[in-house]
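# What the coordinates show
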Amino acid sequence: MMHNPMAYMANQAYRGAATSVPPLKAISMLLGGAITFFQKSLAAQEARRFEEGHDYLLKATAILRGLSHNLDFTKGGAVAERLFQTYNSLIVASHKAFGRPHAPQSFRRIIAAVTELREAWEHVDATARGGKIAPADSARTG
């Protein structure tokens, strides 16, 4: 087992997703999970439950970190590099904003950015399958 339980859980999530759903769908699902955790972190912060909010923040950023560490720079080139920078910028921004007076505005921007990323991956998935983008599901509402 890994020393960091959060990293272990993230690793298990990636393994489970990799064996049960197509890769592009897995990315969308993971980003949806990050959005949910960011929303829960924000709600906990607003309720002044900072320890709970921090736990949710760590879960959200573990997902983004896992996605950034699983990029294939050989195949992805400049796109992979840009995604790596984007994921890491979101991680840094969320940690800097946590518990600060401007946290609600910052977290809403971060959630919007991750939502935009998820929608982009869903579009890529739909295009790759030659189909339409799936209707909104319960994971979207957090």
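Position labels on residues start from 1 in each chain and follow its written sequence. Note on the predicted model: pLDDT of at least 70 is required for a residue's local features to be given, and 80 or more for side-chain atom pairs to be given and counted; whole-chain, interface and lining totals, by contrast, use all residues. As a convention, hydrogens and water are excluded, and side-chain values are obtained from all of the structure's heavy atoms.

## Quick word on the packing of aromatic side chains
Applicable threshold: Paired rings are identified among Phe, Tyr and Trp, the last through its six-membered ring, by centres lying within 6.5 Å, and are further divided according to the angle between planes into stacked (under 30 degrees), edge-to-face (over 60) and tilted (the rest). By the criteria applied, helices consist of DSSP H or I runs no shorter than four residues and strands consist of E runs no shorter than two, each listed in order from the N terminus.
Summed over the entire model, instances satisfying the criterion amount to four aromatic pairs. When the ring of Phe-37 is compared with that of Tyr-56, the centres are 6.2 Å apart and the planes differ by 20 degrees; the resulting orientation is stacked. Of the two residues, Phe-37 sits in helix H2 (residues 23-46) while Tyr-56 sits in helix H3 (residues 50-69), which places them 19 residues apart along the sequence. Centre to centre, the rings of Phe-50 and Phe-98 are 6.4 Å apart; their planes meet at 85 degrees, and the pair counts as edge-to-face.

## Quick word on the pattern of salt bridges
Rule in force here: Salt bridge, as used here, is a side-chain nitrogen of Lys or Arg placed within 4 Å of a carboxyl oxygen of Asp or Glu. For every residue, the accessible area (1.4 Å probe, protein chains only) is compared with the maximum for its type, and the residue is labelled buried under 20%, exposed over 50%, or partly exposed between those bounds.
Applying the stated criterion to the full structure yields four salt bridges. Notably, a salt bridge pairs Arg-108 with Glu-46, separated by 3.2 Å at the nearest N-O pair. Of the two residues, Arg-108 sits in helix H5 (residues 103-129) while Glu-46 sits in helix H2, which places them 62 residues apart along the sequence. The class for Glu-46 is partly exposed, based on a relative accessible area of 45%. Between Glu-122 and Arg-118 there is a salt bridge, with the nearest N and O atoms lying 3.8 Å from each other. One end of the pair, Glu-122, and the other, Arg-118, are both in helix H5, four residues apart, so they sit about a helical turn from each other. The class for Glu-122 is buried, based on a relative accessible area of 15%.

## Notes on the side chain of Asp-125
This is how it is decided: Pairs of residues are marked as contacts when any of their non-hydrogen atoms sit within 4.5 Å.
Among the secondary structure elements, Asp-125 is positioned in helix H5. Residues within four places of Asp-125 in sequence aside, it is in contact with Leu-24 and Lys-25.

## A look at the nonpolar core
Within soluble globular proteins, side chains that are nonpolar generally end up buried alongside one another. Under the convention used in this document: In this description, a nonpolar core means a group of buried Ala, Val, Leu, Ile, Met, Phe, Trp, Tyr and Cys residues linked to one another through side-chain atoms lying within 4.5 Å.
Counting residues in hydrophobic clusters, the biggest one holds 27 residues, and the most contacted among them are Leu-31, Phe-38, Leu-64, Leu-67, Tyr-87, Phe-107 and Val-114. Of all the secondary structure elements, the ones that give two or more residues to this core are H2, H3, helix H4 (73-97) and H5.

## Notes on the environment of Tyr-87
Mapped onto the secondary structure, Tyr-87 falls in helix H4. Taking the C-alpha atoms as reference points, Tyr-87 and Leu-117, separated by 30 residues in sequence, lie 9.7 Å from one another. With residues up to four places along the chain from it excluded, the contact list for Tyr-87 reads Leu-31, Leu-64, Leu-67, Ser-68, Leu-71, Leu-117 and Trp-121.

## Quick notes on the confidence of the model for the chain
Stated formally: Per-residue confidence from the predictor is given as pLDDT, running between 0 and 100.
Mean pLDDT over the chain stands at 88; residues scoring 70 or higher make up 85%. The model gives residues 138-142 a pLDDT under 50, and that stretch makes eleven contacts with residues more than four places away or in other chains.

## Looking at the packing of H2 against H3
Which entries qualify depends on this criterion: Structural elements are reduced to axes, namely lines fitted to C-alpha atoms, with helices fitted over the stretch in contact, and the angle between N-to-C directions of any two is expressed from 0 to 180 degrees. Small angles under 35 degrees read as roughly parallel and large ones over 145 as roughly antiparallel, with 65 to 115 read as roughly perpendicular and the rest as oblique. Two helices crossing with the near one rotated counterclockwise from the far one by less than a right angle form a left-handed crossing, whereas a clockwise rotation gives a right-handed crossing. Charged means Asp, Glu, Lys or Arg here, nonpolar means Ala, Val, Leu, Ile, Met, Phe, Trp, Tyr, Cys or Pro, and polar covers whatever is left, Gly included.
For the pair H2 and H3, interaxial distance at closest approach is 8 Å and the crossing angle is 160 degrees. In this view, H2 runs roughly antiparallel relative to H3, as classed from their interaxial angle. In this structure, H2 meets H3 at a crossing whose hand is left-handed. When H2 is examined against H3, the residues Ile-27, Leu-30, Leu-31, Gly-33, Ala-34, Phe-37, Phe-38, Lys-40, Ser-41, Ala-44 and Gln-45 are found in contact with a partner set consisting of Phe-50, Glu-52, Gly-53, Tyr-56, Leu-57, Lys-59, Ala-60, Thr-61, Ile-63, Leu-64 and Leu-67. Within the contact of H2 with H3, the residues separate by chemical class into 14 nonpolar, five polar and three charged.

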